[in-house]
Amino acid sequence: VRRTEFFPDMQDKNSLDERIRAYLDTNLYSDISLDLLAEHFGISKMHVIRVFRNKFGTTPIQYLIDRKISVAKNLLSGTVMPIKEIASLLRYSNTQHFSSSFKAATGVTPGKYRQSKHE
């Protein structure tokens, strides 16, 4: 009997997949690419993707996008921070890129999302 069978939170926090996720979470407001991840962990880009997808069911970059959209939703509904500043904070190259990424993930533009949360 393994301890992790009864205490799943006790799983190895130092496993590669967990270290990649922790790195992504810690560097959410930085520019991150697969090249950077591969270099940081000393493995190939495909290995980064494979290890991460096997554990979390998504690619590291999609995970990062999902986290950024989640943060954006909180900022849009809980602050008056301009959309341009939110895009910049989350390291989108420009407001249009942020808006299209946000709309692809949520089905609405950031402005419409904010408006719906304040009605």
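Report follows, based on the coordinates. (Residues numbered from 1 in each chain as written. Predicted model: local features only at pLDDT ≥ 70, side-chain atom pairs only at ≥ 80, totals over all residues. Heavy atoms only, no water.)

1. Here's the deal with the nonpolar core
One recurring pattern in soluble globular proteins: nonpolar side chains tend to sit buried together.
Phase 1 of the analysis: Counting residues in each nonpolar core, the largest one holds 26 residues, and the members touching the most others are Ile20, Leu24, Leu37, Ile86, Leu90, Phe98 and Phe102.
Phase 2 of the analysis: Elements with a contribution of two residues or more to this core: α2 (16-26), α3 (34-41), α4 (45-56), α5 (60-78), α6 (83-89) and α7 (95-106).
Phase 3 of the analysis: It is α5 that contributes the most residues to this core, seven residues altogether.
Phase 4 of the analysis: What leucine 24 contacts, discounting residues up to four positions off in sequence, is Ile32, Leu37, Phe52, Pro60, Tyr63 and Leu64. (Core = buried A, V, L, I, M, F, W, Y, C linked by side-chain atoms within 4.5 Å. Buried < 20%, exposed > 50% of the residue type's maximum accessible area, 1.4 Å probe, protein only. Helix = DSSP H or I, 4+ residues; strand = E, 2+ residues; numbered from the N terminus. Contact = heavy atoms within 4.5 Å.)

2. Here's the deal with the packing of α3 against α4
Each pair of packed helices can be described by the angle between their axes along with the distance between the axes.
Phase 1 of the analysis: Two elements in contact, α3 and α4, have axes separated by 8 Å at closest approach and are oriented at 90 degrees. When the interaxial angle is binned, α3 and α4 end up roughly perpendicular. Residues Leu34, Asp35, Leu37 and Ala38 of α3 touch α4, and the partners they reach there are Lys45, Val48 and Ile49.
Phase 2 of the analysis: Within the contact of α3 with α4, the residues separate by chemical class into five nonpolar, no polar and two charged. (Axes fitted to C-alpha atoms, helices over the stretch in contact; angles between N-to-C directions. Parallel < 35°, antiparallel > 145°, perpendicular 65-115°, else oblique. Nonpolar A, V, L, I, M, F, W, Y, C, P; charged D, E, K, R; others polar.)

3. Considering the layout of surface pockets
Phase 1 of the analysis: One number sums up the size of the largest pocket: a volume of about 170 Å³.
Phase 2 of the analysis: Looking at the largest pocket, the residues that line it are Ser30, Asp31, Ile32, Ile61, Leu64, Ile65, Lys68, Arg91, Tyr92, His97 and Ser101.
Phase 3 of the analysis: Counting only elements with at least two residues in the lining of the largest pocket, the list comes to α5 and α7.
Phase 4 of the analysis: The element best represented in the lining of the largest pocket is α5, accounting for four residues. (1 Å grid on protein atoms, 1.4 Å probe; cavity = no way out; pocket = protein on both sides within 12 Å on 5 of 7 lines; lining within 4 Å. Points joined across faces, edges and corners; volume = space filled by probe spheres on them.)

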